Amino acid sequence: MKKNKKLLTIAITAFSAMTMLWGCGKGSGSEEETSGYVYVPEYVEMDVECNYINSVAAVGDDVFMNTVSWNEETGESSNALYKYDMLEGKGEVLPLALDENSNVNGMVGTADGNLLMVVNIYSYEQDENGEITDYHSEMELWKVSAEDGSVAESKDLSGIFDDPENTYVQNICADGQGNIYLSDGDNGIHVVDQGLNKICDIKLENWIRSMTASKEGDVYITTYGENGLELRKVDLTTKKLGEPVEGFNGGYGNQEFSVGATKSFLVDDSSKVSVFDLSTGTEEELFKWLDADINSDSVTQRGELSDGRVWAVTRDYSADGPASVELVLLNRKDASEVPQKEKITYGAMWVDSNVKKAIIDFNKTNEKYRITVKEYGNGVEDYQAALTQFNADLTTANCPDIISLSNVDFHMYVSKGVLEDLYPYMEKSGINKEDYLENILKAYEEDGKLYGILSGFYVSSTLAKESKVGDKTGWTLEEMLEFAQDKDPESVFPYGSRSSIFYYCIYNNIDEFIDWESGKCSFNGEDFIKTMEFAAKFPEEYDYQKEREGLSARIRSDKILLMDNSITSVQEYQMITGMFGEKVAFLGYPNSERKGNLIQPAGGCMGLASKSKNKDGAWEFMQVMISEEYQNSLVSEHGNSYGFPIRKDALEKQFELDMTPDYYEDGDGNKVESAKTTWGWDDFQMEIMAATQEEVDAVKKLIDSAEKVAGSVDEQLVNIITEESEPFFKGQKSAKEAADIIQNRIQTYVNENS
Amino acid sequence: MHFPGKGKKDRTLLKSQKKKNSSPRTRRGKLVSAGYLLPSALGVLLFFVLPFMIVIFYSVVDNPISMQFVFFDNFVSVFRNNAFKQAARNTMTFSLVAVPLAVVLSLMLAMMLESKIPFRSQFRTFFLSPMMVPIASVVLIWQVLFHYNGMMNEVLALFQKDKIDWLNSSFAQVVIVVLFLWKNLGYNMILFMSALSSIPKDILEVAVLESATPFQIFWHIKLRYMSSTILFVTIMSLINSFKVFREIYLLKGDYPYDTMYMLQHFMNNTFSRLDYQKMSAAAIMMAVVMVIIIGILFLTENYFGKDVEG
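Residues numbered from 1 in each chain as written. Chains lettered and ligands numbered in written order. Predicted model: local features only at pLDDT ≥ 70, side-chain atom pairs only at ≥ 80, totals over all residues.

*Asks:* Residues and numbers for the overall build of chain A, please.
*Replies:* A tally of regular secondary structure across chain A gives 18 helices and 41 strands. A compact globule built from 754 residues should have a C-alpha radius of gyration of about 27 Å, and chain A, at 30 Å, falls within 12% of that. Each of the 754 residues in chain A was classed as buried or not, and the buried ones make up 39%. (Helix = DSSP H or I, 4+ residues; strand = E, 2+ residues; numbered from the N terminus. Rg over C-alpha atoms; globule rule 2.2 N^0.38 Å. Buried ≥ 20, exposed ≤ 12 C-beta atoms within 10 Å, placed from the backbone.)

*Asks:* Kindly report on the sheet that holds strand E17 (residues 240–244) of chain A, identifying the contributing residues and their values.
*Replies:* Residue and element names in this part refer to chain A. If you trace the four strands from one edge of the open sheet to the other, you get E14-E15-E16-E17, paired in antiparallel fashion. This sheet does not close on itself; its edge strands, each paired only once, are strand E14 (208–213) and E17. Between one strand axis and the next, the sheet turns through 35° on average, direction left out of account. Sheet topology places E14 next to strand E15 (residues 219–225); five bridges connect them, and they run antiparallel. Looking at the pairing, Ile208 lines up with Thr223 of E15. (Pairing = 2+ DSSP bridges. Axes fitted to C-alpha atoms, helices over the stretch in contact; angles between N-to-C directions.)

*Asks:* Give me the domain arrangement of chain B: which residues, what numbers.
*Replies:* All names here are of chain B. Annotation of chain B at the domain level lists domain 1 (4–59) and domain 2 (78–308). Distance from the C-alpha centre of domain 1 to the C-alpha centre of domain 2: 40 Å. At the interface, four residues of domain 1 touch six residues of domain 2. Class assignment for the residues of the side of domain 1 that touches domain 2 results in three nonpolar, one polar and no charged. (Domains from an automatic or database assignment. Contact = placed C-beta atoms within 7 Å. Nonpolar A, V, L, I, M, F, W, Y, C, P; charged D, E, K, R; others polar.)

*Asks:* I'd like a rundown of the interface of chain A and chain B, residues and numbers included.
*Replies:* Contact residues are listed per partner, giving 29 residues for chain A and 29 residues for chain B. Breaking the side of chain A that touches chain B down by element, the ones donating at least two residues are helix H1 (2–25), helix H3 (383–393), helix H17 (715–729) and helix H18 (735–753) of chain A. Counting residues per element, the side of chain A that touches chain B draws most heavily on H18 of chain A, which supplies eight residues. The residue inventory of the side of chain A that touches chain B, partitioned by class, reads 10 nonpolar, 15 polar and four charged.

*Asks:* Tell me about the pairing of strand E2 (residues 52–59) of chain A, and please be specific about residues and values.
*Replies:* Residue and element names in this part refer to chain A. Two strands pair when backbone bridges link them, and E2 and strand E3 (residues 62–71) are joined in this way by seven bridges, in the antiparallel orientation. Note on E3: the bridge partner recorded for Ser55 is Asn66. In textbook terms, the turn of a hairpin is the stretch between consecutive antiparallel strands, and for E2 and E3 this stretch comprises two residues, one of which, Gly60, has a positive phi near 60°.

*Asks:* Describe unusual backbone geometry, naming the residues involved and giving the relevant values.
*Replies:* Peptide bonds are trans in most cases, and residues, glycine excluded, mostly fall at negative phi. Unusually for a residue other than glycine, Ser270 of chain A sits at a positive phi of about 75°. In this fold, Ser270 of chain A is placed in the loop between strand E19 (265–268) and strand E20 (272–277). The backbone of Phe119 of chain B sits at a positive phi, close to 55°, despite the residue not being glycine. Accessibility expressed as a C-beta count within 10 Å gives 10 for Phe119 of chain B, which makes it exposed.

*Asks:* I'd like a rundown of the packing of helix H12 (residues 570–580) of chain A against helix H16 (residues 693–705) of chain A, residues and numbers included.
*Replies:* Residue and element names in this part refer to chain A. Between H12 and H16, whose axes approach to 10 Å, the crossing angle comes to 105°. As the angle between them shows, H12 and H16 are arranged roughly perpendicular. Contact residues: Val570, Tyr573 and Gln574 in H12; Glu695, Val696, Ala698 and Val699 in H16. Considered class by class, the residues forming the contact of H12 with H16 number five nonpolar, one polar and one charged. (Parallel < 35°, antiparallel > 145°, perpendicular 65-115°, else oblique.)

*Asks:* Lay out the environment of Cys50 of chain A with the relevant residues and their values.
*Replies:* All names here are of chain A. On the secondary structure map, Cys50 appears in the loop between strand E1 (37–44) and E2. Each C-alpha atom of the pair Cys50 and Thr67 lies 6.0 Å from the other, and the pair is 17 residues apart in sequence. Residues contacting Cys50, with those up to four places away along its chain left out, are Thr67, Val68 and Ser69.

*Asks:* Account for helix H8 (residues 172–197) of chain B, with residues named and values stated.
*Replies:* Residues and elements named next belong to chain B. With 26 residues, H8 ought to run about 38 Å at 1.5 Å a step, and its terminal C-alpha atoms sit 38 Å apart, in line with that. Helix geometry: H8 is bent most strongly at Asn184, by close to 40°. Inspection of H8 places Ala172, Gln173, Val175, Ile176, Leu179, Phe180, Asn184, Leu185, Asn188, Met189, Phe192 and Ala195 among the buried residues, and these make up the whole buried set. Buried residues along H8 sit against helix H4 (82–114), helix H5 (120–132), helix H6 (135–146), helix H11 (227–242) and helix H12 (245–252). (Expected span 1.5 Å × (residues − 1). Bend = angle between axes of the 7 residues up to and from the residue.)

*Asks:* Describe the sheet that holds E3 of chain A, and please don't skip the residues or the numbers.
*Replies:* Residues and elements named next belong to chain A. Pairing within the open sheet is antiparallel, and its four strands lie in the order E2-E3-E4-E5. Where the open sheet ends on each side, the last strands, each with one partner, are E2 and strand E5 (90–95). For this sheet, the mean inter-axis angle between neighbouring strands, taken without regard to orientation, is 25°. Of the strand pairs in this sheet, strand E4 (residues 76–85) and E5 are connected by six bridges, and their pairing is antiparallel. Note on E5: the bridge partner recorded for Ala80 is Pro95.

*Asks:* Can you lay out the environment of Val55 of chain B for me, pointing to particular residues and giving the numbers?
*Replies:* Residues and elements named next belong to chain B. Among the structural elements, Val55 can be located in helix H2 (residues 24–59). Among the residues examined, Val55 registers 16 C-beta atoms within 10 Å and is labelled partly exposed. Expressed as a C-alpha distance, the spacing of Val55 and Leu96, which sit 41 residues apart in the sequence, is 27 Å.

Right, here's the structure in full:
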C-alpha cells in the first residue's frame, strides 16, 4: 500500500511538472501554428491619379475617396470622388462639383446609401502686395449621390453654430434615422435632422476624440474620462451623453472606431483590429496589422465589408518622394492555406515605425522565417506592470527571440545574461565590424562583446557659442554650474523650468553620484546640493505667455546662453550654426569624464535573446538593419533624413550628398546654385545650401565625441529624486535635509544592486 | 501472564480484518475518496509544492537565464548584501516590537471588554472598524496624518516642538508599528474574546470560591486555557507583520527610508530586476527562520497548554 501511495505521489508530481513544462514551452520558436485563421492582404489596383486623398468614407460595401489633383500648368486644384466597389472589385471616378476655393471638410455614408459632405467655401481679397485683406468662409452640408457624385442637396450650416466663421467641423456622422451629428473643435456636439432643424446641442468638458455610427444605427463618441478612453452614446432621448459603455477598456490607447458590419464597431488600436459588440460588451480580436504585413502607422482609414472582410487605406510617406496611397483588402483564410514559416518573436515595449517597416519587408520576402511582434506597452494603463511582465518573460520560455532595447535597462539585461554577444554572428555572416562607426558599436559593448545593434542614430548635446565656452566637446557638472551659476535664470536655457534644469543636470550624469565599485553614493555631497540650489533659481513652471523676442534673436544677443538639442543631420547642424550666428560648441550633458554628447538610436535598437531557440533565424532579421543595402537606404538624397547611418561608407555617402550643390538654370541659361531645402525654428528661417567641408567636419567631430547611449537611468532613481527634492523646492526643507533623505533612499537601492 | 489461545484468536481476527479491508467494496471506497482528494492534491502540488521547488532551484543557480549551478553562492552573497541585512534587521525589529504589542494589547482589550463596562459593543465595533477600511484609504489617511505638513506636526507645533519628518526618519518605524496595531488589534481582540468566553465557567467559579485573586485566575486559569489562541494570534500577527510591506509600499514605494525597508522590499525589487536567484535565496532564508520561530511557538504552547487540553 505504501509503495502504491509513493507511486501515486510520483505520478501526480510528474503529471504536474509535465503540465507546467508544456505550458512553458508553448510559443517557443517552432513552426508557425497551422490552426485558426489569418488575414491575408490583397492590394487593390486603383485606377486613379491624384496628388492626395482628402477624406474617405464607406457606403455599404463601396469605398469613396475624395481625391485632390493639382494642375501645375494652370496652378489650380480639382476635386473628384473615387468610388470602389469592394465586392465587385471595380473602381470609377465620379466628378465632384467643387469650386477652386472649396474643400471637403468631412464625409460620411448615410443609411439611405448616399454621402454627406461638410464643404468649406472660402473667399478672400488681396491687396497690391498680395496680402490677404478680407477672408470669409462658410460651411455647407452637401448630400451627394453615391451613384454618380451629383449634389442632390446643399444647405448652409451657419445657423447651427454660434460662431460659424470660427467653427471647425471635426467630425460628421449620421444615424439610422437620418439625423446628422456634427462635432466642433470646441468639444460641442450639434445634432440636426435632415432638414437641419436643431435636435440638441451637447457640450462636453473633455476633448471629443472621435465620433462613429454603430451597426445598430446609433452614434457614439470617444472621449477621455477618469479611467482613459471612454465610448459613450449620444442619447437623443435625454439629449445627453450616455454612461460609458461597459466592457470597452480603451486605456490611453489610440483606438479608431468604424461602423461594423458583423458586430457594432470595427476597432483599430494601431496594433490590432477587433470587432466590438455593444450588446455583450465584448471585443474580439480579428488580426494584428503586423501579422497582415501592414504598417499600422500608415493606415489612415479602415472598414468592414458585409462578408466580414476588412479594407484599409494606407498612405506611405517617404523622405524623398511623394506619399503613395494604397487600398488593401484583407481576406480571412485558414492558416493552413498560407505557406508555413518558422516563427521568430520580436518583443518590445512598443515597436518603432522603422522596425515595423523592416519587419513587414522581411516577412514579405523571407521564405523561411516570419517575425511576429509581441508589444507589451502599447496603450496599456499600467506601463510599469507591462515592463515587469516584459522583464519576467525574458527569463521564461516566453522570451522573445529579438529584444527591443528602446526604453529598457540595457545594462541590466547585459549583467543578467539576457543578451547574446553579436560579434560572432556578425563574423559568421561576413559582416566586418570595422565597416561600422567604432564609437557607436562600443556604446553597446561590454567587456568586448556587442549586445545591441541599431540602424541609425543622432546625437543629443548642449549647445553654446564657442566664443563663450571655448572649443570643448564636454564639461563636468562643476564646470557647468560655474558657467551658469551667476547668470540670470531666464538667460541660461530657453524654456528652462526648475524640473527640466534639475533633470538636465542630474539624470544623464547620475553615475557621478554613485560609485558602484564601493557601493557608496554621494547625493548628500556638495555637488548635488549645489545643483539643487541652482535648479531652485528657476521658475517652477516656464511662463510661455510672457512676451519675449524670438529664440534666435535671444541667442544672438546672449540673452540665452545654452540650448539642449539633438543633431539629426548635417542640415540641422547648418541651421543651428545659422541660428547662433557664429561657431557652436557641442558641450554635451554634464559628465564627470566630459563625455556628455549622447547617442540616441533612430529607428530602433535591438538585441538577440540568449534564451532564443532560433538564434540564427533571429539574426537573419537583425542583420538586415546593418546590411549595406539597408544602411544605404537611410541615405537621403536631399539630406533631410532623421539620423545618421552607422555604416561608415553610408555615412560618407550622406556627407557627400550633403556637400553636393543643387542647381537651377536662370533665365539666361546659367547654372545657379539653389537651396537644398529650408529649415526654421521659431523666429529663424534659413535656406540650406550644400554643406562645406568645415561643416561636415564639425558634424564628424560631434559624432566621434559621442560614446554613451542616452536614457538608461532607472525610473526608480528618478522618482526618488523628484519626490524628495520637492519639499526643498517648495521651501519646506533645506537642500541638505532633502539631499540626506535622497542619499538614504538611493543608498538602499545601491546596496541592493551592489 | 500468557494466554496462548487469545494470541491465536487475535491473529485470526487480524487476518479477517485484513481480508475485510481489502474487499472490493473497501477498495472502491478508497478509490472514490482518492478521486475526491485528487483535485486538492493536484492544487497543492501545482500551486505550493512545485513553486517552492522552483524557488529552491532558482536559489542554487547563478541567474534565471544561464542557470549555472552555483550551490550556496547565492545564499552567501545575499547574506553579505547590505540591503538584505538592513531589511532583515528592520523586519526582525518590527516583528519583535509589533507582534508582542499586538498580542498583549489585544488581550488587554479583550479582558477589558469582557468586564461589564458601558458601551461595550460600541467599543468592539470601534476596534473592528479598521478591518473594514480598504488599505489604500488607510494609507491615504496615514499620509495626511504623518506628512511633513501633516496633522501630527501641527499638533507638535501647538506644543512648540519642531516638525518631524515621520516617514523619512528613524521615527518611520514607529509610524508603521502604530499603523500595524491600529489595523490588527480589533481582529486579535475578537479571537481573544471568543477564547475567553469558552473557558469553563465552573472552573472559574471554583477558583473564586477557593479565594483565588483575579491575577491568579488570569495567570493560572485563563492564560492556560487561552494558550492555543495566544499561539494562533501570535502566528497570525507574525505573518501579518511580514505583510506590513503593503502599507509601506503604498506610503513610500519600492525604496523607502532605510528604517522602513523590509525583506519583502528586497524580494520584490530583486524580482523586478530579474535577480530571481537573490530573491529565492532570501525567501528560503526567511522561510527557514519562520519555521524555526513557529516551531518554538508550538513547543511553548505545548508546554504551557498541555494540562488543559483534552
